[in-house]
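Observations on the model geometry
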Amino acid sequence: MSEYHTKHLEELEAESIYIMREVAAQFERPVLLFSGGKDSITLVRLAEKAFRPAKFPFPLLHIDTGHNFPETITFRDDLVKSIDEKLIVRYVEDSIKQGKAVEEKGRMPSRNKLQTITLLDALAEFKFDAAFGGARRDEEKARAKERIFSFRDEFGQWEPKKQRPELWNLYNGKISQGENIRVFPISNWTEMDVWQYILKENLQLPSIYFTHKRKVFNYDNMLLSVSDHTKPLDEKVEEMQVRYRTVGDMTCTGAVLSHASTLTEIIQEVASAKVTERGGRADDKRSEAAMEERKREGYF
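Residues numbered from 1 in each chain as written. Predicted model: local features only at pLDDT ≥ 70, side-chain atom pairs only at ≥ 80, totals over all residues. Heavy atoms only, no water.

**Some remarks on the pairing of strand E5 (residues 149-152)**
Along any regular strand, the residues point their side chains to alternate faces of the sheet. Where we set the bar: Each residue gets one of three labels from its accessible area relative to the maximum for its type: buried under 20%, exposed over 50%, partly exposed in between, using a 1.4 Å probe on protein chains only. Strands are runs of DSSP state E lasting at least two residues, helices are runs of H or I lasting at least four, and both sets are numbered from the N terminus onward. Note on pairing: two strands pair once DSSP finds at least 2 bridges between them.
Alternating residues of E5 divide into Phe149 and Phe151 and Ser150 and Arg152, and every residue in both groups is buried. In the sheet, E5 pairs with strand E6 (residues 180-183) via four bridges, with the strands oriented antiparallel. For Phe151, the partnering residue across the bridge sits in E6 and is Ile181.

Okay, structure coming up:
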């Protein structure tokens, strides 16, 4: 890695650490949203650099859809054990059983949108007033509107016009009872920055990020993995060499053909990619403003 790239990553890291420490100073009950994906893994490393050798001043929270890749859940549990931090898990399945959420109809019902209900309930249950997320502005056009301190009203909803100015790295965390702030420490990072940082820090990742043989089928121009949640009907099932660029619901996250078996090969692949990492996420394609609609309702 060149001296320029190393310095660039050090500057991004310093900004993210500063943001995390600001949250610890301004809020009483923060939490780190953790999915087991590369961005939240990066957040955990940044938290280690911000607060070690002390314990994190916040727990980790995973909103489990029940449609996760098994490799991701195994990795989540192993990582939490290795860093000796507290993990809270809340389940979308419980929200459905309680009648708070309704399972989608159709062949491949995604639970991504239903996560919002479970998340808002968890924030209220533990009275969390700030929640770290791994969103980046380069991911999607609605994300590009986002502030680092993202103000949410008493219903957990996001309104772009009500976001606060952020000048000279000054972040306004003042909130009234019931309101909260979503905080995005890696807002200014790109997908390439994240991969280069993972390489620099030698971070461990779920195996699905690297090439592997998997039985998949083409559904709505996505290569979906064969599983209990994603079953082919007339589609042809083939064993292919694939990997995942992003981790989400199995029902809406497509694999990409790839032979990248190392971080260096992944970085080279990302550099030449003509499709964004979320290009294989069906939930983002439901409408022109799919992500913004979910965010307005309280999504990450």
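**Comments concerning unusual backbone geometry**
Each neighbour pair has its own omega, and for Arg52 with Pro53 the value is 15 degrees, a cis peptide bond. Among the secondary structure elements, Pro53 is positioned in the loop between helix H2 (38-51) and strand E2 (60-64). The phi dihedral of Lys127 is positive, around 60 degrees, even though this residue is not glycine. Residue position: Lys127 is located in the loop between helix H5 (115-126) and strand E4 (130-132). You can call Lys127 exposed: its relative accessible area is 63%.

**As for the nonpolar core**
Applied cut-off: Think of a nonpolar core as a cluster: buried Ala, Val, Leu, Ile, Met, Phe, Trp, Tyr and Cys residues, connected wherever their side-chain atoms sit within 4.5 Å. Contacts are assigned to residue pairs that have any heavy atoms within 4.5 Å of one another.
Ranked by internal contacts, the top residues of the largest apolar core, which has 55 residues, are Met20, Leu32, Leu46, Phe149, Val183, Trp195 and Leu205. Within the residue set of this core, elements represented by two or more residues are helix H1 (3-26), H2, helix H3 (70-83), E4, E5, E6, helix H6 (191-201) and helix H7 (263-272). Per-element tally for this core: the top contributor is H2, with seven residues. When near neighbours in sequence (up to four residues on either side) are disregarded, Phe149 contacts Ile19, Val23, Gln26, Phe27, Gln163, Glu166, Tyr171, Asn172, Gly173, Ile181, Arg182 and Val183. If you look at the next biggest cluster of nonpolar residues, it comprises 15 residues, including Val31, Val92, Ile96 and Leu123.

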